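# Analysis of the macromolecular model
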Amino acid sequence: MIKFKLLLIFLILSISSFVVFITLNPSDLKIHRKDRVKVAILDSGINPSTFKNKNINIIKRHNCKVTSIHGSVVLQALLTEAKLKRRQSLTIYDYQVSTFDHNASVDKVISSINDAIANDVDIVNLSLGFNKEQPKLKKTIEKAINRGIIIIAAGGNTYGFYTEYPALYDDVIAIGAQENNKISDYSAVDEIDYFIKGKYKSYTGTSISTAYATGSVINNMLNNQKLFDSKNFKKRDDLID
């Protein structure tokens, strides 16, 4: 959930006897890259043979194995929005943190984020969540954000009853699902920053929405656009109740 309180940039201009404060919204900022973005995907593991694009480099971390198709589907959905051009490249750090039934390990998520920090990634994609507060995870995420890493997390398929962690944490980009400008029935609703389409082929969920969000941010980074400048990013006020 974006709070902005930690991400405000103040430009202090001393003019004569007074000071002018200019506040910039982080969603208006551009992150200038050359032609490469590094993304950590914490999921069920990715099958590299599925991806033949020479612009994509998949690096398996922590003896990463594949426990289900979920991680590969997340990357497939992500790539539909990343839209890599010639001479643009994407490095994926692949972390297996969940089992075949998509139950994630908090300890694995924490160690994977720490490794992602060490590898200086730009974005961490978390198409997963927990229904309870995780204090150690919160501290790790705060450390990543303080290093300038963007954390994008699924709000959860909770049918509006609650929003999962870490999407609820300050300065995490919380993603919900929408279809045809209407919030999807299965999506978390409260404290969601952006609602994005939640379907890829036969797969649905806020996991897919999160992948699309990450892909759009990658595209904006590679093309020096505002990070959340895309028709994909819908606020709750933009949607039909």
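Residues numbered from 1 in each chain as written. Predicted model: local features only at pLDDT ≥ 70, side-chain atom pairs only at ≥ 80, totals over all residues. Heavy atoms only, no water.

Turning our attention to the overall build of the protein. On a plain count of helices and strands, the protein comes out with four helices and 12 strands. For the protein, with 241 residues in total, the buried portion stands at 51%. A total accessible area of about 12200 Å² is found for the protein, and carbon and sulfur atoms account for 49% of it. (Helix = DSSP H or I, 4+ residues; strand = E, 2+ residues; numbered from the N terminus. Buried < 20%, exposed > 50% of the residue type's maximum accessible area, 1.4 Å probe, protein only. Areas by Shrake-Rupley, 256 points an atom, 1.4 Å probe, with all protein chains shown as cover.)

Another aspect to go through is empty space enclosed by the protein. Leftover empty space is mapped by rolling, across the atoms, a probe with the size of a water molecule. With the rule as written, the count across this model stands at one cavity of 30 Å³ or more. A volume near 40 Å³ is recorded for the largest cavity. (1 Å grid on protein atoms, 1.4 Å probe; cavity = no way out; pocket = protein on both sides within 12 Å on 5 of 7 lines; lining within 4 Å. Points joined across faces, edges and corners; volume = space filled by probe spheres on them.)

Let's shift gears to the pairing of strand β3 (residues 36–43). Burial analysis of β3 places seven of its eight residues in the buried class, which makes it a mostly covered element. With eight bridges connecting them, β3 and strand β5 (residues 89–96) associate as parallel partners. Bridged to aspartate 43 within β5 is glutamine 96. Summarising the sheet, β3 and strand β6 (residues 123–126) pair through three bridges and their orientation is parallel. Across the sheet, the residue bridging to valine 39 is isoleucine 123, located in β6. (Pairing = 2+ DSSP bridges.)

Locating lysine 85 in the fold gives a position in the loop between α1 (70–82) and β5. Taking relative accessible area as the criterion, lysine 85 reaches 47% and is therefore assigned partly exposed. Sequence separation between lysine 85 and asparagine 219 is 134 residues; the distance between their C-alpha atoms is 9.4 Å.

Okay, the packing of α1 against helix α4 (residues 206–222) next. Two elements in contact, α1 and α4, have axes whose closest approach is 7 Å; the angle formed by their N-to-C orientations is 40°. Here α1 is positioned oblique relative to α4, judged by the angle of their axes. In the packing of α1 onto α4, the handedness of the crossing is right-handed. Counting all contacts with α1, which are made through His70, Val73, Val74, Ala77, Leu78, Thr80, Glu81 and Ala82, the residues of α4 involved are Ser207, Ile208, Ala211, Tyr212, Thr214, Gly215, Ser216, Ile218 and Asn219. Residue composition of the contact of α1 with α4, by class: nine nonpolar, seven polar and one charged. (Axes fitted to C-alpha atoms, helices over the stretch in contact; angles between N-to-C directions. Parallel < 35°, antiparallel > 145°, perpendicular 65-115°, else oblique. Left-handed = near helix turned anticlockwise from the far one by under 90°. Contact = heavy atoms within 4.5 Å. Nonpolar A, V, L, I, M, F, W, Y, C, P; charged D, E, K, R; others polar.)

This part is about the side chain of serine 187. With respect to the secondary-structure elements, serine 187 resides in the loop between β9 (182–183) and β10 (194–197). Once you skip the residues sitting within four places of it in the chain, serine 187 turns out to touch Gly156, Thr158, Tyr159, Gly160, Gly176, Ala177, Phe195 and Thr206.

On to the confidence of the model for the protein. On average, the protein scores 87 in pLDDT, and the residues at 70 or more come to 86%. Note on residues 4–24: pLDDT is under 50 here. Beyond four places in sequence and across chains, it has 28 contacts. (pLDDT = per-residue confidence, 0-100.)

Under the definition given, this model contains four aromatic pairs. Each ring, one from tyrosine 165 and one from tyrosine 169, has its centre 5.2 Å from the other, and the planes form 45°; the classification is tilted. Each member of the pair tyrosine 165 and tyrosine 169 is classed as buried. Relative to phenylalanine 233, the ring of phenylalanine 228 lies with its centre 5.5 Å away and its plane at 85°, an arrangement referred to as edge-to-face. With respect to class, phenylalanine 228 is no different from phenylalanine 233; both count as buried. Three or more aromatic residues link up through ring pairs in this structure, and these residues are Tyr194, Phe228 and Phe233. In this structure, lysine 197 packs its charged tip against the face of tyrosine 212, placed 4.5 Å from the ring centre. (Phe/Tyr/Trp six-rings, centres within 6.5 Å; stacked < 30°, edge-to-face > 60°. Lys NZ or Arg CZ within 6 Å of the ring centre and 35° of its normal.)

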